[in-house]
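Structural overview
Letter by letter, the chains look like this.
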Amino acid sequence: MTNAQLDVAAIKAQFPLLQRELNGAPLVYLDSANTSQKPQSVIDAMSTFMEQSYAPINRSAYQLASEATDAYEGARTKVQRFINARRDREVVFTKNATESLNLVAHSWGRANLREGDVVVLTQMEHHANIVPWHMLVQEKGIQLRWVPLTADGQLDLTTLPQLLDGAKAFSFTAMSNVLGTITPVQQLCAAAHDAGAIAIVDGCQYVPHNVTDVQAWGADFLAFSSHKMCGPSGVGVLWGRESLLDAMPPFLGGGNMIADVRFDGFTTAELPAKFEAGTPPIIEVVGLGAAIDFLDGIGMASIRAHEAHMAALAIATLTERFGDDIQLHGSTDTEVRGATFSFAFRGIHPHDLSQVLDQRNVCVRAGHHCAKPLMRLMGVNATARASFYLYNDEHDIDVLADALDGATDIFGF
Amino acid sequence: MTNAQLDVAAIKAQFPLLQRELNGAPLVYLDSANTSQKPQSVIDAMSTFMEQSYAPINRSAYQLASEATDAYEGARTKVQRFINARRDREVVFTKNATESLNLVAHSWGRANLREGDVVVLTQMEHHANIVPWHMLVQEKGIQLRWVPLTADGQLDLTTLPQLLDGAKAFSFTAMSNVLGTITPVQQLCAAAHDAGAIAIVDGCQYVPHNVTDVQAWGADFLAFSSHKMCGPSGVGVLWGRESLLDAMPPFLGGGNMIADVRFDGFTTAELPAKFEAGTPPIIEVVGLGAAIDFLDGIGMASIRAHEAHMAALAIATLTERFGDDIQLHGSTDTEVRGATFSFAFRGIHPHDLSQVLDQRNVCVRAGHHCAKPLMRLMGVNATARASFYLYNDEHDIDVLADALDGATDIFGF
Amino acid sequence: MPGLEDLYREIILDHHRNPRNRGELAPPASHAVGHNPLCGDEIDVYLDVTDGVVSDVKVGGQGCSISQSSASMMSQAVKGKPVDEVRALVRRFKGMMSIPDEDGNPIEPDPSVKLGDLEALQGVVKFPVRIKCATLAWNTLLEALEQR
Amino acid sequence: MPGLEDLYREIILDHHRNPRNRGELAPPASHAVGHNPLCGDEIDVYLDVTDGVVSDVKVGGQGCSISQSSASMMSQAVKGKPVDEVRALVRRFKGMMSIPDEDGNPIEPDPSVKLGDLEALQGVVKFPVRIKCATLAWNTLLEALEQR
Ligand SMILES: Cc1ncc(COP(=O)(O)O)c(C=O)c1O
Ligand SMILES: Cc1ncc(COP(=O)(O)O)c(C=O)c1O
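Residues numbered from 1 in each chain as written. Chains lettered and ligands numbered in written order. Predicted model: local features only at pLDDT ≥ 70, side-chain atom pairs only at ≥ 80, totals over all residues. Heavy atoms only, no water.

1. A few points about the domain arrangement of chain A
All names here are of chain A. Note the cut-off: Just so you know, the domain bounds were taken from an automatic or database domain assignment. We call two residues in contact whenever any of their non-hydrogen atoms come within 4.5 Å of each other. Note on definitions: buried area is the accessible-area loss of two parts on being combined, 1.4 Å probe, summed for both. Only one rule defines a salt bridge in this text: a Lys or Arg side-chain nitrogen within 4 Å of an Asp or Glu carboxyl oxygen. Side-chain atoms alone can form a polar contact between residues adjacent in sequence; in general such a contact is a pair of N or O atoms within 3.5 Å, and within protein one must be able to donate a hydrogen while the other accepts it. Helical segments are the DSSP runs of H or I of at least four residues, strand segments are the runs of E of at least two, and each set is numbered from the N terminus. Lys, Arg, Asp and Glu make up the charged group, whereas Ala, Val, Leu, Ile, Met, Phe, Trp, Tyr, Cys and Pro make up the nonpolar group; the residues left over, Gly among them, are polar.
One can read the domain layout of chain A as domain 1 (8-30 + 299-411) and domain 2 (43-297). In this assembly, 34 residues from domain 1 lie in contact with 30 residues from domain 2. With both sides pooled, the region where domain 1 packs onto domain 2 buries about 2,400 Å², and carbon together with sulfur makes up 63% of that total. Interface area lost by domain 1 to domain 2 is led by M300, L374 and Y389, which between them contribute 25%. Applying the counting rule to domain 1 against domain 2 returns zero salt bridges. For the pair domain 1 and domain 2, the number of links is 14 residue pairs in polar contact (both at pLDDT 80 or more). Listing elements by their share of the side of domain 1 that touches domain 2, those giving two or more residues are α12 (300-322), β14 (340-345) and α14 (372-378). Here the side of domain 1 that touches domain 2 is composed, by residue class, of 19 nonpolar, ten polar and five charged.

2. Focus: the site of ligand 1
Just so we agree on the cut-off: In this text, near means that some heavy atom of the residue lies within 4 Å of the molecule or strand in question. The Shrake-Rupley method, run with a 1.4 Å probe, gives the accessible areas here. Residue values count only the displayed protein chains as cover.
The full set close to ligand 1 counts 16 residues, and T98, D202, Q205, S225 and K228 of chain B are the nearest of them. With respect to ligand 1, the chains having nearby residues are chains A and B. At 2.7 Å from an oxygen atom of ligand 1 is found a side-chain nitrogen or oxygen belonging to H227 of chain B. At 2.8 Å, a side-chain N or O of K228 of chain B approaches an oxygen atom of ligand 1. Relative to its unbound accessible area of 390 Å², ligand 1 is 99% covered by the protein chains. A class-by-class count of the residues in the shell around ligand 1 yields three nonpolar, ten polar and three charged.

3. Brief notes about the site of ligand 2
The environment of ligand 2 is formed by 16 residues, the closest being T98, D202, Q205, S225 and K228 of chain A. Those residues lying near ligand 2 are distributed over chains A and B. Between ligand 2 and T98 of chain A, the relevant distance is 2.5 Å, taken from an oxygen atom to a side-chain nitrogen or oxygen of the residue. Here an oxygen atom of ligand 2 sits 2.7 Å away from a polar atom, N or O, in the side chain of H227 of chain A. Within the complex, the protein chains bury 99% of what would otherwise be the 390 Å² of accessible surface of ligand 2. Classifying every residue of the shell around ligand 2 gives three nonpolar, ten polar and three charged.

4. Some details on the pattern of salt bridges
Two side chains with opposite charge may pair up if their charged atoms get near one another. Taken as a whole, this structure holds 60 salt bridges over all chains when the rule is applied. Between R76 of chain B and E276 of chain B there is a salt bridge; the shortest N-O distance is 2.9 Å. Within this pair, whereas R76 of chain B is found in helix α4 (residues 63-82), its partner E276 of chain B is found in the loop between β12 (265-268) and α11 (282-298), the two being separated by 200 residues in sequence. The network of salt bridges with common partners includes R86, R87, R89, E242, D246 and E270 of chain A.

5. Topic: the environment of F170 of chain B
Residues and elements named next belong to chain B. Stated precisely, the cut-off is as follows: A 1.4 Å probe rolled over the protein chains alone gives each residue an accessible area, and that area as a share of the maximum for its type sets the label: buried under 20%, exposed over 50%, partly exposed in between.
Positionally, F170 belongs in strand β7 (residues 167-173). Note on F170: relative accessible area 0%, which makes it buried. For the pair F170 and P56, spaced 114 residues apart in sequence, the C-alpha to C-alpha distance is 38 Å. Aside from chain neighbours lying at most four places away, what touches F170 is V120, T122, V147, L160, L164, L188, A192, A197, I198, A199 and I200.

6. A few points about the sheet that holds strand β9 (residues 221-225) of chain B
Residues and elements named next belong to chain B. Which entries qualify depends on this criterion: If DSSP finds at least two bridges between two strands, the strands pair. Axes here refer to lines fitted to C-alpha atoms; in helices the fit is confined to the stretch in contact. Angles between the N-to-C directions go from 0 to 180 degrees.
Pairing within the open sheet is mixed, and its seven strands lie in the order β4-β10-β9-β8-β7-β5-β6. At either margin of the open sheet sits one strand with a lone partner, and together these are β4 (91-94) and β6 (143-147). Each neighbouring strand pair of the sheet contributes to a mean axis angle of 20°, computed without reference to strand direction. The sheet contact formed by β9 and strand β10 (residues 236-240) spans five bridges and is antiparallel. If you follow F224 over to β10, its bridge partner there is V237. Across the sheet, helix α8 (residues 185-194) lies against β7 and β8 (198-202), angled at about 150° from β8, the strand it touches most.

Here's what the structure looks like:
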């Protein structure tokens, strides 16, 4: 596989933070699965918006407010196209993917789940796709079932029909933030529907790195976050099938989500306002729109190709250099994995490892990656994780490998 | 009252948007009660943070992440001092004041309110402080009681003891976004406590314009939004008394708010993480910190003095010029009101009025201001509202008055 | 910036000052209430349909000049029309307001449907915030039709 | 940027490689589990208190070099000490880690409380993220003390 499609040097040059030197050397940012850096175009879009067009949206009649509203609603249309949703009213802006998933569990869940009802999750879910369901276990007495994993960190689908039997919802990640595994979303949605369950996709790790098409998937809900896809913090997306969203009770109550309020009750507004209570993240949504323009300009297919290439190269380089001293979790097949790697290295605790790598400006995350059930399954408390994005190049892999070598000097045992 | 304390020209110069000319004339932005403009220092703080220090917070061990964490947690300390909270763990970052109030209603409310329990609100609350309680009426069968208003739009406290009798919570605004009325917060908190109720303060319109001291108030909760106080959108604050927050169940479930997650359940993290599920609005919190520095640099007491002066001048100018043709809602006593004015003018519908004012670049809001119950009480569907902030000067009042005159030419009947 | 004269045409101001068909109709007339959640405007539409024809229509409620005059002009335009022609007119009007159809596609103007005086509201499109004002009565009309 | 040698002193690495007082104590010994929610580390502290003196202490769980060595050094430091001296030591240690007291004020070092080897952990303060690692065992110790 060649890397002809992506001019990483040119891309990297657009990220001011990646130009920063610490202690005289450039940063090697390998923590994009956690949160991504922002290109100049996104930073500028936010500044320019604040400097020239900031105003309340959807509320005031004056021209400035209508400019701001156009910018905000224009970003909604960009999101709609980016994930190929049918209509823009299916796109709800939240504060992050966590809120998106809570919204589904809370509003769809409370309206549709009774005691004993089954929700199916996978064993590699992020806490954001576990805890909201645990809360419904506590409150409503629903039951959770868990799709198990294969040894190389893929979903073990052999018992899926049994697990889904009688289930009301199947909520799963499209790509694991720990193992890098890409799941067969379309197949999983179909399996859910076959069983009469709805399909909820956690797209946090998938949407920033791949072409997303909710209609081709046949999904019912999709949650993802701006901050992992070159956009600002403070905004997430929930996409939902119109008929489901229309039928759901509201989530947060307040301004904008109402049609009428009286002393004795309220009625809700139409989509998407119904789920956007209060002043939304106006500046941030505009920033997300700019991030989508940026990603679209490069092309999601090219980004995916670049990352598959990076994944293959990382696997080759690290196993070649360290053999059995490094254990890369997850699959080695780049068809079913992205460029996010959890690994164990020479028995050095991940926290210490990341500290030592930091000495060489290599930023990797150490911890449980908000997936403690998966960690327990793997028999560890924590892993180190290096994740690559469109601004990482082959050289970054070498820097990582060199820095790993350095760690041995301190913890040489 | 003189205006010696505030150099408005110098302040205005720091707001890029207020330098903008539309159709050859400068903007007169009189919609700050809706959302405020941003000074250059806030815009720069956000850009610089994205360009130099953006990273995940509270999760990763490397230096960049620890810089970002310091910036984020440093802003928490700024908020703590700004409202004189006892400890910074009492300060929770949300997405907006609406989420803050929903958090209280949901988490405190669900844990502490049973069927028939009474929550007292005032008739001038914003939807954000009504609808979350309506939701608890639907779900739990709690009861709402409403503090009535006097003819000049102040709280009528004659029956307050009876209203509070047996109540569990009293939730009220510190300043009305429609009438400009400033309520006697300390007295209201004391009355709530005398009755054994907790006191929840909606500080959205108060905190940006006045010195705030939650300890002097004796409040239990305070909600406010960054975007109304020169900070970015996408972040709100909930301050709560530590003992109450500690005892409350969590609100949103996901990463960061947990101590442990297993397949069969979860335990929650300590404050404030317990209420900050998912990736927080990192960049926005940093921006809010810069906004607080900006406001502190000017001084909240001076801002309040300036706005009292502006309020008095607006009342004098508008009644002098238009007599009975203009009806300013709310009190004329600038001791108990801020510089936010709802008004009716010569029978012209507010929507039409704001359209015509916009022709002269005067931005006022027309509508129900998310206070439909109050509107009904006032016997109108909508009002026009002009609200002044620290960057508005006396000239802006004259421009408003001139523009009002122009409206009569079109709707001269 | 488009001038106010595009918005406040004389005929619009006339309908605003002297709204036609104000009032109520007693049941069994159908009745729908439309809210503009943004500004608080409310419009009541009362509808009598006899033999598939809108035999009477009345309008109540409060609103700005655009929503009121649009309601008034709507009442004149639909009175006496067969229901299917009314629906076609609503569609044509929404198209003029650049409201997309159910699938999000632009509505092509159907030349067989005449707008008449309603064309005066064309200028509203240049003031996007006011489109909701102009369409409020029409959406409420649709609701009243559904209720039968 | 402070150098790693500030963090990974030889004595710390030694405790990490050869942790002291590893193991468990059977009930009625008290037992607390501490989590570092940020990184997933877990520490078990088992405590026997006889006549107001920590007669035995054992440490279990997994963690990074800092949390493990801090736990190991903690176990050595508290074993055989009266409970009130242990509490004073915890306070002193937290002060060294620049953890504020209950009221958010800095903890003044009490010179009568000797830190001994624990001073090697001083360098952790320069790596704020690691402070939670260093204090985990100590907070868990406090919890185990509460449980009696
Ligand atoms: C008094 C009052 N409360 C609550 C809110 C809601 O604030 P936000 O929209 O920022 O959530 C507002 C502002 O719209 C307000 O003025
Ligand atoms: C797979 C997955 N789901 C959910 C989340 C939660 O996203 P956020 O923290 O932006 O709410 C994340 C990121 O932390 C994630 O990686």
